[in-house]
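What follows is each chain in one-letter form.
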Amino acid sequence: PSAGEAEDPLGEDAASPVEGLVHRYPDRVLFLVTSFCAVYCRYCTRARLVSHTGEVHFNEKQYEKALAYIRAHTEIRDVLISGGDPLTRGADRLEWLLSRLRAIPHVEFVRIGTKVPVSLPQRITPEFLAMVRKYHPVWMSLHFMHPAEVTPEVHEACGRLADAGI
């Protein structure tokens, strides 16, 4: 980082009880599932993850440790899946994770932070929507940098998300 910049500006590493999971607030966690992102945003607070490889080993073993932590902490009601960008993962990997989160009785909210509907609106297919719909309710926080990003294709993808109840 440059002078005056922090490697971990939000202090997430200090609030990580297990690799890839940030538990800063009592009832919610941030579940980091990948270091890959389709866009390198200038406001990114996780540049340490997406600009370096190998810092966190995102895999099923790491996911299982995070899921075990969530299961053991019944105060956790809200899980934000992020990264990088979780929608850069295969639909089968995302479904694996959604199914396990939805099997935890005290998890009420599952959210996905993503820029993919903006950077790759073709990813929002009927098959993808049908998969996500099985795990409702699911929320998505879509990351836009500028109104010009709302192209006709992006508008359609966002419409498909809304029509699917996301």
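Please refer to the structure higher up on the page.
None of the values given here were measured: they were computed from a predicted structure.

## Let's talk about the overall build of the protein chain
Along the protein chain, the regular secondary structure elements total 6 helices and 5 strands. Counting helices and strands in the order they occur from the N terminus, the protein chain gives β-β-α-α-β-α-β-α-α-β-α. Within the span of the protein chain, comprising 166 residues, buried residues form 42% of the whole. In the protein chain, once contacts between residues fewer than 6 apart in sequence are set aside, the share between residues at least 24 apart is 76%.

## Observations concerning the pattern of salt bridges
For the structure on display, the rule yields 7 salt bridges. Linking Glu108 and Arg77 is a salt bridge whose minimum nitrogen-to-oxygen distance equals 2.9 Å. Of the two residues, Glu108 sits in the loop between helix H3 (91–102) and strand S4 (109–114) while Arg77 sits in the loop between helix H2 (60–72) and strand S3 (78–82), which places them 31 residues apart along the sequence. For Glu108, a relative accessible area of 39% translates into the label partly exposed. Its salt-bridge partner being Glu149, residue Lys115 comes within 2.7 Å of it at the nearest N-O pair. Residue Lys115 is found in the loop between S4 and helix H4 (116–119), and its partner Glu149 is found in the loop between strand S5 (138–142) and helix H6 (152–163); the two are separated by 34 residues along the sequence. Take Lys115: its relative accessible area is 3%, and that puts it in the buried class. With a relative accessible area of 19%, Glu149 lands in the buried category. Look at the salt bridges and you will find they share partners, linking Asp27, Arg28, Arg77 and Glu108 into a network.

## Quick word on the pairing of S4
Side-chain direction in a regular strand flips from residue to residue, so the side chains alternate between the two faces of the sheet. Bridge analysis of S3 against S4 gives 4 bridges, and the strand direction is parallel. Along S4, the bridge assignment pairs Val79 with Val110. With respect to chirality, the unit in which S3 leads through H3 into the neighbouring parallel S4 is right-handed. Both S4 and S5 contribute to a ladder of 5 bridges, which runs parallel. Following the sheet pairing, Thr114 is matched in S5 by Leu142.

## Comments concerning the environment of Gly84
In this fold, Gly84 is placed in the loop between S3 and H3. In this structure, the C-alpha to C-alpha distance between Gly84 and Thr114, residues 30 residues apart in sequence, is 8.4 Å.

Definitions and limits used
- Residues numbered from 1 in each chain as written.
- Predicted model: local features only at pLDDT ≥ 70, side-chain atom pairs only at ≥ 80, totals over all residues.
- Heavy atoms only, no water.
- Helix = DSSP H or I, 4+ residues; strand = E, 2+ residues; numbered from the N terminus.
- Buried < 20%, exposed > 50% of the residue type's maximum accessible area, 1.4 Å probe, protein only.
- Contact = heavy atoms within 4.5 Å.
- Salt bridge = Lys/Arg side-chain N within 4 Å of Asp/Glu carboxyl O.
- Pairing = 2+ DSSP bridges.
- Right-handed = clockwise from strand over helix to strand, strands pointing away.

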